[in-house]
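Listed here are the chains, written in short residue letters.
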Amino acid sequence: MNKPYRICFVCTGNICRSAVADVLMRDLIAQRGLTAQVQVDSAGTGSWHQGEPADPRGLALLTQAGLDGSQHRARRIEAHWLEQRDLIIALDRSHLRDLQRLAHQAEASTPIYLLRSFERAVEQSQPPSPEGGQADVTDPYYEADHVFAEVFAQVRTCCEHLLDWVQRSQLPTAQAR
């Protein structure tokens, strides 16, 4: 049996954007029957919130969507994770730069992309350029509740397209839908 394709979502503190992406993607993976083929986790570039649960506003949105994010605990990405994952997804360009620097220091070759690179259905077998002019997912931490809702919707859409791309181009044909 092939090893699962591993994706890690990364934002600043791992309590807002990447935490929501992690839970949403796990649900999409389960809905498509891919839990044996695709694994997901998340982390932050900093350790400010390490060990803390996801932001209550994000948890409330997950609950409204019928998802349980209560088990999430923030953690910081470590260099050795880069070689243990098949794809690293940055939530904004500052994370992308931090992750690229970490990959360079660790001499890791794991692809690192912005989540919004997958905002629209990707027609080719490779995702767009990591920096390809794509926008950041807004950090909702210091923002009003409606920004969390906008980020939630955007992350969901991007995760759907990301999983489409993974199924189409990264999983063996027999495992794709």
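Calculation criteria
- Residues numbered from 1 in each chain as written.
- Predicted model: local features only at pLDDT ≥ 70, side-chain atom pairs only at ≥ 80, totals over all residues.
- Heavy atoms only, no water.
- Helix = DSSP H or I, 4+ residues; strand = E, 2+ residues; numbered from the N terminus.
- Buried < 20%, exposed > 50% of the residue type's maximum accessible area, 1.4 Å probe, protein only.
- Areas by Shrake-Rupley, 256 points an atom, 1.4 Å probe, with all protein chains shown as cover.
- Core = buried A, V, L, I, M, F, W, Y, C linked by side-chain atoms within 4.5 Å.
- Contact = heavy atoms within 4.5 Å.
- Disulfide = S-S within 2.5 Å.
- Pairing = 2+ DSSP bridges.
- Polar contact = N/O pair within 3.5 Å; in protein donor to acceptor, adjacent residues only side chain to side chain.
- Axes fitted to C-alpha atoms, helices over the stretch in contact; angles between N-to-C directions.

Engineer: Break down the overall build of the protein chain for me, citing the residues and quoting the values.
Structural biologist: Of the regular secondary structure elements, the protein chain holds five helices and four strands. Taken from N to C terminus, the helices and strands of the protein chain fall in the order β-α-β-α-α-β-α-β-α. Burial analysis of the protein chain (177 residues in total) assigns 50% to the buried set. As displayed, the protein chain offers around 8700 Å² of accessible surface, 46% of which is attributable to carbon and sulfur atoms.

Engineer: Give me the nonpolar core: which residues, what numbers.
Structural biologist: By size, the foremost hydrophobic cluster in this structure holds 42 residues, and its most contacted members are Ile7, Phe9, Met25, Val155 and Leu162. Residue assignment for this core shows that the elements contributing at least two residues are β1 (5-11), α1 (17-31), β2 (38-44), α2 (56-64), β3 (87-90) and α5 (145-169). By residue number, the principal contributor to this core is α5, which donates 11 residues. Excluding anything up to four places from it in sequence, Val155 contacts Val20, Ala21, Leu24, Leu91, Leu115 and Val137. Ranked by size, the runner-up nonpolar core spans 15 residues in total, among them Cys8, Ile77, Trp81 and Leu82.

Engineer: An account of the state of the cysteines is requested, with residue identities and associated values reported.
Structural biologist: Throughout the structure, instances matching the rule amount to zero disulfides. Cysteine Cys16 remains unbridged, with the sulfur of Cys11 as its closest cysteine sulfur at 6.5 Å.

Engineer: Talk me through the pairing of β2; I want residue IDs and the actual numbers.
Structural biologist: Across the seven residues of β2, six count as buried, placing the element largely inside the fold. With seven bridges joining them, β1 and β2 adopt parallel strand pairing. Its bridge partner lying in β2, Tyr5 is registered against Val38.

Engineer: Any chance you could break down the side chain of His95 for me, citing the residues and the numbers?
Structural biologist: Checked against the element boundaries, His95 lands in helix α4 (residues 93-106). Of the residues examined, His95 reaches a relative accessible area of 1% and is grouped as buried. There is a polar contact of 2.7 Å between the side chain of His95 and the side chain of Thr12. Non-local contacts of His95, meaning those with residues more than four positions away in its chain, are made with Val10, Cys11, Thr12, Arg17, Thr45 and Ala90.

Engineer: Tell me about the sheet that holds β1, and name the residues and values.
Structural biologist: Strand order across the open sheet formed by four strands is β2-β1-β3-β4, with parallel pairing between neighbours. Two strands close off the open sheet at either side, each with one partner strand: β2 and β4 (112-114). Across the sheet, the mean angle separating the axes of adjacent strands is 25° when strand polarity is ignored. Across four bridges, the pairing between β1 and β3 is parallel. Each residue of the ladder has a partner; that of Ile7, found in β3, is Leu87. On top of the sheet, α4 reaches β1, β3 and β4; it is set at about 175° to β4, its chief contact. Where α5 meets the sheet, its contacts fall on β1, β2 and β3, and the angle it forms with β1 comes to roughly 155°.

Engineer: Outline the environment of Ala106, listing residues and values.
Structural biologist: For Ala106, the location among the structural elements is in helix α4. The class of Ala106 is partly exposed, set by a relative accessible area of 32%. Sequence spacing of Ala106 and Trp81 is 25 residues, and the spatial spacing of their C-alpha atoms is 9.9 Å.

Geometric values such as these leave the question of function open.
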